Amino acid sequence: MRAVGGGPVPADVERAAGRIAPYVRRTPLLPGLPAPGRRRSGWGLLLKAEHLQHSGSFKLRGAANAVLALGARGIVTGSSGNHGIALARLAAPTGVRVTVVLAAGTSPAKAARIRALGGRTVSVRGGVAEREERARELAEETGAVLVPSSDHELVVAGQGTVAREILADVPDVRTLYVPVGGGGLLAGACLAARDHPVRIVGVEPEAAPRYARSLAAGRPLRLPPCDTVADGLRAQAPGEVPFAVVRGRVDDLVAVSDAEILTATDRLRRLGVEAEPSGAVALAGALRAGPRRERAVAVVSGGNTLAALTARTVPDGPTHPTAPTAPTRACPELEETR
């Protein structure tokens, strides 16, 4: 599993893809914004629709890879919601007991969704740091396995399957925009694209530029608790595992304001894509960069809005392994959605 010196390697993404295939959906690429001078959206910006994932976000990929590879009977995690939902969704089909520690300010609808899927929730006062500390304590007290939302080799490898699918479906993609919280998705994209000539751009909320500052300092830094509409991207520090991967491969990091995130969320809604603000951050980065005459993809990382969570009174999608879906390619002839 580990490369020399530790950490995940690109081959781990391939192994993860095979391991999780029965449990996850191969999400489609949707038309986003056309390149300048083009009426059709085959060239320009495409959207990787992880909001259509079974658990409502990309988090199911890393969670499934960790659960299946570890074979643990009990798992503890700290989560802002989507990672906890993903683990809870795996509880019934895998027979794993899941406990999710939630920080103050976590969406009550996400907490309710975790419980509805069979997970146990524990709330703490304070932010992400306090949440993670309590998760570590619970794992030690109960003998459960700690599976962080991003700082874990198996989680990073599982998240890398998002970029793996993009590169298979659009091999001539030139830029990939990825939202950044703890860094698991960005690190996974960096792993999957290690030997591919695609530009990897991480997009952080302006209030939480932990990767930009940490990379500038040459080591992971812890920022004070932040407030942003992108509630899933409030991690105060990069994970050690993702940081090491990102440092060696990412091409650029950009920060976007809450206003830009809400503009991107509204733009997605007008395209028929119901994304939560965290899920729109990558598009906000792409919009800031402006239109390019090249293929680009922005990851819509989650769609667990209040309306979506309220509507899910039963488990979303199959509760048992399903047959892998065929590759879904973007159609270059799709008309621009107006």
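Refer to the structure above for everything that follows.
All residue numbers here refer to positions counted from 1 along the written sequence of the relevant chain. With pLDDT at 70 or above as the cut-off, local features in this predicted model cover only qualifying residues; side-chain atom pairs require 80 or more to be listed or tallied, and sums for whole chains, interfaces and linings still use all residues. The side-chain quantities take in all heavy atoms of the structure and omit both hydrogens and water.

(A) Up close: the overall build of the protein. Put simply, DSSP H or I for four residues or longer makes a helix, DSSP E for two residues or longer makes a strand, and each gets a number counted from the N terminus. Helix and strand content of the protein: 12 helices and 10 strands. Residue burial is assigned from relative accessible area. The probe radius is 1.4 Å, only protein chains are included, and a residue is buried under 20% of its type maximum, exposed over 50%, and partly exposed in between. Every one of the 338 residues in the protein was classed for burial, and the buried ones make up 58%. Each accessible area is a Shrake-Rupley result for a 1.4 Å probe, and residues are judged covered by the shown protein chains and nothing else. Looking at the protein as shown, the accessible area adds up to about 13,500 Å², and 52% of this sits on carbon and sulfur atoms.

(B) Expanded view of the pattern of salt bridges. What counts as a salt bridge is simple: a side-chain nitrogen of Lys or Arg found within 4 Å of a carboxyl oxygen of Asp or Glu. Following the criterion strictly, the structure yields 20 salt bridges and no others. Notably, a salt bridge pairs R164 with E14, separated by 3.0 Å at the nearest N-O pair. Within this pair, whereas R164 is found in helix 6 (residues 153-169), its partner E14 is found in helix 1 (residues 10-20), the two being separated by 150 residues in sequence. Owing to a relative accessible area of 29%, R164 belongs among the partly exposed residues under this scheme. Of the charged contacts, one joins R61 and E165 as a salt bridge, the two residues approaching to 2.9 Å between their closest N and O atoms. Of this pair, R61 sits in helix 2 (residues 59-70) while E165 sits in helix 6, and the two are 104 residues apart along the sequence. Considered together, R61 and E165 belong to a single accessibility category, that of buried residues. Overlapping salt bridges bring together K48, E50, R61 and E165 as one network.

(C) Quick look at the packing of aromatic side chains. Stacked, tilted and edge-to-face are the three classes applied to pairs of Phe, Tyr and Trp rings, where Trp contributes its six-membered ring and a pair requires centres within 6.5 Å; stacked means planes under 30 degrees apart, edge-to-face means over 60, and tilted covers the rest. For the structure shown, the criterion picks out 1 aromatic pair. Judged by centre distance (6.3 Å) and plane angle (40°), the ring pair of Y211 and F243 falls under tilted. One end of the pair, Y211, is in helix 8 (residues 210-217); the other, F243, is in helix 9 (residues 240-247), and 32 residues separate them in sequence.

(D) A look at the side chain of H51. Relative to the helices and strands, H51 resides in the loop between strand 2 (44-49) and helix 2. With residues near it in sequence (within four places) discarded, H51 still touches L30, G56, V273, E274, V300, G302 and G303. Any two residues having at least one pair of non-hydrogen atoms within 4.5 Å are treated as being in contact.

(E) A look at the nonpolar core. By size, the foremost hydrophobic cluster in this structure holds 32 residues, and its most contacted members are I166, L176, L186, V198, I200 and V297. Top contributing element to this core by residue count: helix 7 (residues 184-192), with 6 residues. Aside from chain neighbours lying at most four places away, what touches I166 is L29, K48, L176, V297 and V299. Definition of nonpolar core: a set of buried residues of the types Ala, Val, Leu, Ile, Met, Phe, Trp, Tyr and Cys, connected through side-chain atoms within 4.5 Å.

(F) Region of the structure containing the environment of A264. Mapped onto the secondary structure, A264 falls in helix 10 (residues 258-270). Looking at A264, the relative accessible area reads 0%, which means it is buried. Separated by 17 residues in sequence, A264 and V281 place their C-alpha atoms 7.2 Å apart. Discounting chain neighbours no more than four positions away, the residues touching A264 are A280, L283, A284 and L287.

(G) Structural detail: the sheet that holds strand 3 (residues 74-78). On the basis of which strands lie adjacent, the open sheet formed by 4 strands has the order 5-4-3-6 and parallel pairing. Each end of this open sheet is capped by a strand with a single partner; those strands are strand 5 (120-123) and strand 6 (145-146). Relative to strand 5, strand 4 (residues 97-102) is paired through 4 bridges, and the arrangement is parallel. Note that in strand 5 the partner of L102 across the bridge is S123. When DSSP finds at least two bridges between two strands, those strands are taken to pair.

(H) Looking closely at helix 4 (residues 108-116). Regarding helix 4, the residues found buried are A109, K110, A111, R113 and I114. Buried residues along helix 4 sit against helix 3 (82-94), strand 4, strand 5 and helix 12 (306-311). Phi turns positive one or two residues past the end of helix 4, at G118, with a value near 105°.

(I) Region of the structure containing the pairing of strand 3. Along strand 3, 5 of the 5 residues are buried, which leaves the element largely enclosed by surrounding structure. Here strand 3 shows no split at all, with G74, V76 and G78 on one side and I75 and T77 on the other all buried. Sheet topology note: the strand 3/strand 6 ladder contains 2 bridges and is parallel. Across the sheet, residue V76 finds its bridge partner in strand 6, namely L146.

(J) Expanded view of the packing of helix 2 against helix 6. Relative to each other, helix 2 and helix 6 sit at 135°, their axes nearing to 7 Å. It follows that helix 2 is oblique to helix 6 by the angle criterion. Like other packed secondary-structure pairs, helix 2 and helix 6 cross with a definite hand, here right-handed. Between helix 2 and helix 6, the contacting residues are K59, R61, G62, N65, A66, A69 and L70 on the first element and L154, V155, A157, G158, Q159, T161, V162 and E165 on the second. Note that Gly is not counted as nonpolar here; it falls among the polar residues with everything else outside the nonpolar set of Ala, Val, Leu, Ile, Met, Phe, Trp, Tyr, Cys and Pro and the charged set of Asp, Glu, Lys and Arg. For the contact of helix 2 with helix 6, a count of residues per class yields 7 nonpolar, 5 polar and 3 charged. In this analysis, axes come from line fits to C-alpha atoms, helices being fitted only over the stretch in contact, and the angle between any two N-to-C directions falls in the range 0 to 180 degrees. For classification purposes, angles smaller than 35 degrees are called roughly parallel, those larger than 145 roughly antiparallel, those between 65 and 115 roughly perpendicular, and all remaining angles oblique. Should the near helix be turned anticlockwise from the far one by less than a right angle, the crossing is termed left-handed; should it be turned clockwise, right-handed.

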